[in-house]
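Examining the three-dimensional arrangement
Here are the chains, one letter per residue:
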Amino acid sequence: MTAITLAAPLAGWAMPLTEVPDPAFAQGLVGTGMAIDPTVNELRSPCDGVVLSVHRARHACTVRTASGAEVLLHLGVDTVGLNGEGFTAHVQDGQSVKTGDRLISFDMDLVGSRAQSLVSMMVVVNDGYTVDGQSVDREIAAGDAAMTVHGGSGADAAPTPAAAPVESGETAERTVPLRIAHGLHARPAAALVAAAKAHPGTVSILCRDRSANAKSVVALMGLGTALGDRLTIRATGPGAQGVVESIAGLIDSGLGDPVVEGVAAPAPAPAATPAPAQPAAEEDIGPPFAPGEEALLKGTIAVPGQAVGSVVRRFRSGVRVTEQGAGPEVEEPRLHQALERVISRLADSAKRMPDHAAIFQAHREILDDPELLDSALTDIRAGKSAEWAWQRTAQMQADALAGLADPRMAERAADLRDLEQQVLTALSGKEPSAGLADLPAGTIVLADEILPSDLAGVPAGRLAGIGMAHGGPTSHAVILAAALGVPTVVALGRQAERVPDGAPVVLDGNRGELLVFPPEDMLATTRTAVAARAARREENRRTSREDCRMADGTRIEVFANLGRVSDAPGAVVEGAEGCGLLRTEFLFLERQSAPTEDEQYQQYQQIADALEGRPLVIRTLDVGGDKPLSYLPLPKEENPVLGLRGVRVGLREPELLRAQIRAILRVKPAGICRIMVPMIASPSELLAVRTMVDEERARLGRAEPIELGAMIEVPAAALIADRIGAVADFLSIGTNDLTQYVLAMDRGNPHVAAQLDALHPGVLRLIRLAVMGAKTHDRVVAVCGGSASDPMAAPLLIGLGVTELSATPAVIADLKAFIRTLRLEDCRRVAEAALGTDSAAEVRRLVAETWPGL
Ligand code: PEP
Ligand code: MG
């Protein structure tokens, strides 16, 4: 047992918790400690330790001491409702801090006028610790000894272990919506913990694939729940059903916070029988569709085109697990054999994919962990099945790791969840699913969501179509699908899970639909249409290598967007006049470390060679947002798409950017490459990159200048394109990001996928502003976002003054053929009219009326 003195985190009037104007804290439900009515606006760490979590609303933060005590510091009463307004966090989850380090500063006037009280609490929230010696009822200075914490076992103490398993077969589970505005913040979390602690067995709360021990306030707060989230309450041990029901009732009544009406009330309780342990509560989506049962699922267009084929499902598996085993003599060897099978598959995978060997080695190490095996064997010896024992062990460990706030540990938790599934699959005797690259040609894949990594090794022509239950139309996986020419529909919803393996379907990427078990004549008509389209494209390919001129002779350049070396030769065949966007981040993804300067140089040179003298616009690394890099740990951000992305990362990690610049500068012949910088918001960012380019050019002794362009993706950049044009050699509009930021719609969010349309007149007006700004300096304006590949957008973009389109290779031949039929005068007239409409739908109608063949 150790004792640690906590320093006062604030100066002010110190008081006992009982005087706090918040019943949950006053009654000690959140934890034991004291409070301070502050006279200063900075919260400082009361001890040396690690920041476990900073609340989303930045009004609270938890620090874990070396002895394992979790100290919650909560600024003011009812401050969660400010949603961060008035608070500035100076630390991040997982950061080590020393006593006195600044944690959060706050605007006393704003918070004081909007919150119920500024009285701030310091409480120890985890079990196994006692607090005494509170220095209260006096003025206290920040840093003064404030109270003493006893308990824990010294510097190496582990976080509180999960509750020991209870020797009872009873397990219960129920899912309810959370109907309180600010999620599980301190007060409701404390009310939930109080109910959970009355239960002798384990109680956890699962939300959005994360799980927390319901007996820990910090763990519950760390779930980051929000209004409308569905919480699954899972309990084990005698009386599990009762505790689940009572917690469900508490959650439904708001846990002491006002209930927001309009959020669905919970479904009626299931029959009160002990339920087998299951991976997650599932909403009932209905039985699989049966042959003859024609079903039309509506989604959102992501990659246009139609496909006919049979379905291969790639939904995350929902393995059913029974708790009772056939006895240790049967279950133990089953588990050992399953583990051996997984280990030998890992070794095979490492051999097949040496670039990823480190990942497989890390998985192997986890499987070799004796604690993991011991824990599962203990359950098996208590009569459980190998599946139940393995799943419980893996989930418990994963939850513990996920709760550690260190991003590397969180990655390990993801590894464990992956291994949980792999071992369960091995126990079921099934073979693991083949990767998408190994599927038979002509397959239509249906999945929750396809990741860029899933498509990385898929050869062109292999997949006929992709349907995703979730996802957005301009996500990076969709960009890869477009490059492969695979019609794709996203946001189909969970009904997509009802489509059985092998079902014949028509995937209509032009309408955003999936037709399941269609009638024979419909299959035949679509096959004919697909063949006719392929024939038309073949025809268009015959002239696609020629320059693209409109019917009135106006020259429009049509370039290709590329993401990997192997895309380049095909793009030339399709008629690309160069590469207008090389998304270099695809060369950086799926690796254990950044590619070296030499590796990058070789890839860029190979692409330049494949383009046979055509221009190559290389975009500097655009990671962050939905393209994280495991070896480039960026701070955990609440809103990464509005955070460290694109050039912001490059300027923060200058060595990474400089290596990339050097690699580009080395490509021969010297005039072939241009550098393009993503996510520019101000000229100063481009100037900072230009300085780096000039310095690296001098270091390499390269005399020839290189063109440096800015991407216009941030609305501010479009608005000040005249200022950016003054320092950029060219501009290229990234309509994917520009649209998401102008419309305030996350490009990966299925709920807004249908409205995320780059033809919205608001987006078009910004494009016009960008073009006008660039023209003041005679700069070329290109479009390299998704709308450059959309035939409906082409006349509008040209009408607005864009002279270069960089499209996905698969559409170039058709696009050039269409542009050749257009007249600038018509394009200008329709673009002008489009600017005066109210919606993207109206714009599309206008284009369809003018060019009915589209
Ligand atoms: C864009 O945002 O339109 C763009 C071309 O960049 P990315 O899609 O790679 O973010
Ligand atoms: Mg972008």
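Residues numbered from 1 in each chain as written. Chains lettered and ligands numbered in written order. Predicted model: local features only at pLDDT ≥ 70, side-chain atom pairs only at ≥ 80, totals over all residues. Heavy atoms only, no water.

As a further point, take the domain arrangement of the protein. Domains assigned within the protein are domain 1 (2-151), domain 2 (171-272), domain 3 (295-314 + 436-535), domain 4 (328-428) and domain 5 (543-634 + 642-850). Relative placement of domain 1 and domain 5: their C-alpha centres are 48 Å apart. (Domains from an automatic or database assignment.)

Bringing empty space enclosed by the protein into the picture now. Under the criterion given, the structure shown has four cavities of 30 Å³ or more. Arg583, Arg619, Glu713, Asn736 and Asp737 are the residues nearest the centre of the largest cavity, which is lined by 16 residues in total. Of all elements in the fold, only α12 (476-483), β28 (579-583) and α22 (735-743) reach the threshold of two or more residues within the lining of the largest cavity. Ranked by residues supplied to the lining of the largest cavity, first place goes to α22 with three residues. (1 Å grid on protein atoms, 1.4 Å probe; cavity = no way out; pocket = protein on both sides within 12 Å on 5 of 7 lines; lining within 4 Å. Points joined across faces, edges and corners; volume = space filled by probe spheres on them. Helix = DSSP H or I, 4+ residues; strand = E, 2+ residues; numbered from the N terminus.)

Here we take up the site of ligand 1. In the neighbourhood of ligand 1, 17 residues make up the surrounding shell, with Arg583, Arg619, Glu713, Asn736 and Arg747 lying closest. Arg583 is positioned such that a nitrogen or oxygen atom in its side chain is 2.7 Å from an oxygen atom of ligand 1. The separation between an oxygen atom of ligand 1 and a polar main-chain atom of Asn736 is 2.7 Å. Assessed atom by atom at 2 Å from the grid points, ligand 1 resides in the largest cavity. Looking at the shell around ligand 1 element by element, the count peaks at three residues for α22. (Near = heavy atom within 4 Å. Polar contact = N/O pair within 3.5 Å; in protein donor to acceptor, adjacent residues only side chain to side chain. Sits in = over half its atoms within 2 Å of the grid points.)

By definition of the ideal shapes, a tetrahedral metal site with four donors has angles of 109.5 degrees and an octahedral site with six donors has angles of 90 or 180 degrees. Taken together, Glu713 (OE) and Asp737 (OD) make up the full set of protein donors to the magnesium ion (ligand 2), lying 2.0 Å away. Linking Glu713 in the loop between β31 (707-712) and α20 (715-719) with Asp737 in helix α22, this pair joins segments that are 24 residues apart in sequence. Asp737 carries the same exposure label as Glu713, and that label is buried. (Donors = N, O, S within 2.8 Å, 3.2 Å for Na, K, Ca; no water. Buried < 20%, exposed > 50% of the residue type's maximum accessible area, 1.4 Å probe, protein only.)

Our focus in this paragraph is helix α23 (residues 761-775). Helical periodicity: at 3.6 residues per turn, an α-helix aligns residues three or four positions apart in one direction. When the terminal C-alpha atoms of α23 are compared, their 21 Å separation across 15 residues agrees well with the 21 Å that a helix rising 1.5 Å per residue should span. Listed as buried for α23 are Pro761, Val763, Leu764, Leu766, Ile767, Ala770, Val771, Gly773 and Ala774. (Expected span 1.5 Å × (residues − 1).)

Across the sheet, which stays open at both edges, the eight strands sit in the order β9-β5-β6-β7-β11-β3-β2-β13 with antiparallel pairing between neighbours. Each edge of the open sheet carries a strand with a single partner, namely β9 (96-97) and β13 (138-140). Bridging between strand β2 (residues 12-16) and strand β3 (residues 32-38) involves five bridges; their strand directions are antiparallel. Residue pairing in the sheet places Met15 in a bridge with Ala35 of β3. (Pairing = 2+ DSSP bridges.)

Take the sheet that holds strand β4 (residues 42-44) next. Spatial strand order, β4-β10-β8: three strands in an open sheet with antiparallel pairing. The open sheet has two edge strands with one neighbour each: β4 and β8 (87-89). Neighbour to neighbour, the strand axes of the sheet diverge by 20° on average, direction disregarded. Pairing of β8 with strand β10 (residues 102-106) involves three bridges; the strand directions are antiparallel. When the bridges of β10 are listed, Thr88 appears paired with Ser105. (Axes fitted to C-alpha atoms, helices over the stretch in contact; angles between N-to-C directions.)

This part takes up the nonpolar core. Formed by 97 residues in total, the largest nonpolar core has its most connected members in Tyr604, Leu616, Leu764, Ile767, Leu796, Leu805 and Ile819. If you tally residues by element for this core, the top one is α23, at seven residues. With residues near it in sequence (within four places) discarded, Leu764 still touches Ala758, Leu759, Leu796, Leu800, Ala834, Leu835 and Val843. The next biggest cluster of nonpolar side chains, apart from the first, holds 47 residues, and it includes Met121, Ala172, Leu184 and Met221. (Core = buried A, V, L, I, M, F, W, Y, C linked by side-chain atoms within 4.5 Å. Contact = heavy atoms within 4.5 Å.)

It is worth spelling out a nonpolar patch on the surface at this point. On the surface, a cluster of nonpolar side chains totalling about 280 Å² of accessible area is made up of Leu719, Leu769 and Met772. Checked against the element boundaries, Leu719 lands in helix α20. (Patch = residues over 30% accessible without salt bridge, like charges linked within 9 Å, V, L, I, M, F, W, Y side chains within 5 Å. Areas by Shrake-Rupley, 256 points an atom, 1.4 Å probe, with all protein chains shown as cover. Salt bridge = Lys/Arg side-chain N within 4 Å of Asp/Glu carboxyl O.)

As a further point, take the pairing of strand β29 (residues 616-619). Alternating residues of β29 divide into Leu616 and Ile618 and Val617 and Arg619, and every residue in both groups is buried. Pairing between β28 and β29: three bridges, direction parallel. By the bridge assignment for β29, Cys579 is matched with Leu616. As paired strands, β29 and strand β30 (residues 673-677) are joined by four bridges and run parallel to one another. Bridging from a neighbouring strand, Leu616 pairs with Cys673 of β30.

What follows deals with helix α3 (residues 186-197). Along its 12 residues, α3 runs 16 Å from first to last C-alpha, staying within 8% of the 16 Å computed at 1.5 Å per residue. Taken residue by residue, α3 has Ala186, Arg187, Pro188, Ala189, Ala190, Leu192, Val193, Ala195 and Ala196 as its buried positions. Where the residues of α3 are buried, they touch α1 (23-26), β7 (70-74), β16 (203-207), α4 (217-222) and α5 (240-252).

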